[in-house]
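A look at the structure
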Amino acid sequence: MRIGIAGITGRLGALCAEEVVASRLDLAGGLSRQADPARHIVTDPAILADRCDVVIDVSSPEATCAHAEAFARAGCAWVIGTTGFDAAQEAAITQAALTIPVLKAANFAPGLTLLLDLARQLGARLPADEYDAEILETHHRQKRDAPSGTALAIGERFAEGRNVALANVTEIDRSGLRGEGAIGFASLRAGQIVGEHSLILTSGTEQITLSHRAFDRRVFAQGAVKAARWLAGKPAGLYTMTEIFEA
Ligand SMILES: NC(=O)C1=CN([C@@H]2O[C@H](COP(=O)(O)OP(=O)(O)OC[C@H]3O[C@@H](n4cnc5c(N)ncnc54)[C@H](OP(=O)(O)O)[C@@H]3O)[C@@H](O)[C@H]2O)C=CC1
Ligand SMILES: O=C(O)C1=N[C@H](C(=O)O)C[C@H](O)C1
């Protein structure tokens, strides 16, 4: 299986490339804004797509629309780990998934994938008028987007359990009183922290906290390669990490 990495020069992309090689798969090359022919790194997504069965994309939201077009045209499967998309970029991903298999996951760690399901269950079972929901995430100082993609995914799954639309109850950068039924987000940025997420549910008499801490960025790289192996050859559609762990 030929795997390409979009964002191969980045913190996670470089580890994904190492993991592909360690897994004895064929590293077909990578994408960056700076070509490097000696390492098969190109700037044009169409050129990479022609060399690959699947691309692991851990680059930047700004690159997404061009990637969607190129990978769909080439029929190349697309594993997306990038976070921080706007509505147009999300629409480009949805459109591409009509033509090619796309797996999108804000977090490739197995433990976090399971935590999403637990968040949905807690949302369904803890009454919104009794339990306040807050999501706290902590990352390294270089992270660009906030809240993290994972924090938003936890919020979405919890809101799904509560049967509400996250957009209607989200509180970010708040001032003043918390709203009734709000799902609040807080972000810390410091040093080289790999990634920590907590869903904190508090009533007048107790607190439940679901927490996940990634100690080593390799947990994401290993999950991304597992996703690439699973996705190659699947029918067109939009998949998540949950399907892999249920398989
Ligand atoms: N799903 C998951 O489990 C995880 C997801 N992530 C996400 O992955 C993404 C990358 O994170 P990280 O590796 O820390 O970031 P880095 O900044 O270290 O790497 C970003 C990579 O993307 C490339 N890039 C940046 N801007 C563009 C652009 N406009 N067009 C094309 N390529 C571009 C850079 O290449 P160059 O500068 O050479 O052009 C670089 O290779 C983030 O969105 C992050 O949130 C991170 C960890 C886990
Ligand atoms: O940028 C990161 O580093 C991470 N980004 C992902 C996110 O936004 O959720 C996943 C992980 O927590 C690390």
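Being a predicted model, the structure only gives us computed values, none of them experimental.

**What to know about the environment of Glu-243**
Mapped onto the fold, Glu-243 is located in helix 9 (residues 241-246). Residue classification places Glu-243 among the partly exposed residues on the basis of a relative accessible area of 29%. As a C-alpha pair, Glu-243 and Asp-53 span 190 residues in sequence and 20 Å in three-dimensional space. Residues contacting Glu-243, with those up to four places away along its chain left out, are Trp-230 and Leu-238. Here Thr-240 takes part through its side chain, which lies 2.4 Å from a polar atom of the side chain of Glu-243.

**Some details on the site of ligand 1**
Thr-9, Ser-32, Arg-33, Thr-83 and Phe-108 are the nearest of the 22 residues found near ligand 1. The contact in question runs from an oxygen atom of ligand 1 to an N or O atom on the side chain of Thr-83, over 2.6 Å. Across the complex, the protein chains shield 80% of the 940 Å² of accessible surface that ligand 1 would expose by itself. Considering only residue class, the shell around ligand 1 consists of eight nonpolar, ten polar and four charged.

**Structural notes on the pairing of strand 6 (residues 101-104)**
Both strand 5 (residues 77-80) and strand 6 contribute to a ladder of three bridges, which runs parallel. Bridging across to strand 6, Trp-78 finds its partner in Val-102. Since strand 5 and strand 6 lie parallel, the crossover through helix 4 (residues 87-96) that links them has a hand, and here it is right-handed. For strand 6 and strand 12 (residues 237-239), the ladder comprises three bridges, and the chain directions are parallel. Bridging from a neighbouring strand, Val-102 pairs with Leu-238 of strand 12.

**Details of the side chain of Gln-89**
With respect to the helices and strands, Gln-89 occurs in helix 4. When its relative accessible area of 9% is taken as the criterion, Gln-89 is described as buried. One polar contact links the side chain of Gln-89 to the main-chain carbonyl oxygen of Pro-61, over a distance of 3.2 Å. When neighbours within four sequence positions are excluded, Gln-89 is seen to be in contact with Pro-61, Glu-62, Thr-64, Cys-65 and Gly-84.

**Section: the pattern of salt bridges**
For the coordinates displayed, the defined rule picks out 15 salt bridges. Here Glu-137 makes a salt bridge to Arg-189, at a shortest N to O gap of 2.7 Å. Of this pair, Glu-137 sits in strand 7 (residues 132-139) while Arg-189 sits in strand 9 (residues 183-189), and the two are 52 residues apart along the sequence. The exposure class assigned to Glu-137 is buried, which follows from its relative accessible area of 0%. Judged by its relative accessible area of 27%, Arg-189 is partly exposed. Between Glu-171 and Arg-174 there is a salt bridge, with the nearest N and O atoms lying 2.7 Å from each other. Exposure remark for Arg-174: the relative accessible area of 35% places this residue in the partly exposed category. Salt bridges sharing partners connect three or more residues here, namely Asp-132, Glu-134, Glu-171, Arg-174 and Arg-178.

**Here we look at helix 8 (residues 218-231)**
In this model, helix 8 (14 residues) spans 20 Å end to end at C-alpha, consistent with the 20 Å of a helix rising 1.5 Å per residue. Within helix 8, the full set of buried residues consists of Phe-220, Ala-221, Gly-223, Ala-224, Val-225, Ala-227, Ala-228, Trp-230 and Leu-231. Immediately beyond the C-terminal end of helix 8, within one or two residues, lies Gly-233, with a positive phi of roughly 90°.

**Focus on the sheet that holds strand 11 (residues 207-214)**
As summarised here, the arrangement of the five strands in space is 8-9-7-10-11, forming an open sheet in which the pairing is mixed. Across the chains shown, the open sheet's two edge strands, defined by having one partner strand only, are strand 8 (170-172) and strand 11. Between one strand axis and the next, the sheet turns by 15° as a mean value, whatever way the strands run. Packed on one face of the sheet, helix 5 (residues 110-125) meets strand 10 (195-202) and strand 11 and runs near 160° to strand 11.

The rules we used
- Residues numbered from 1 in each chain as written.
- Chains lettered and ligands numbered in written order.
- Predicted model: local features only at pLDDT ≥ 70, side-chain atom pairs only at ≥ 80, totals over all residues.
- Heavy atoms only, no water.
- Helix = DSSP H or I, 4+ residues; strand = E, 2+ residues; numbered from the N terminus.
- Buried < 20%, exposed > 50% of the residue type's maximum accessible area, 1.4 Å probe, protein only.
- Contact = heavy atoms within 4.5 Å.
- Polar contact = N/O pair within 3.5 Å; in protein donor to acceptor, adjacent residues only side chain to side chain.
- Near = heavy atom within 4 Å.
- Areas by Shrake-Rupley, 256 points an atom, 1.4 Å probe, with all protein chains shown as cover.
- Nonpolar A, V, L, I, M, F, W, Y, C, P; charged D, E, K, R; others polar.
- Pairing = 2+ DSSP bridges.
- Right-handed = clockwise from strand over helix to strand, strands pointing away.
- Salt bridge = Lys/Arg side-chain N within 4 Å of Asp/Glu carboxyl O.
- Expected span 1.5 Å × (residues − 1).
- Axes fitted to C-alpha atoms, helices over the stretch in contact; angles between N-to-C directions.

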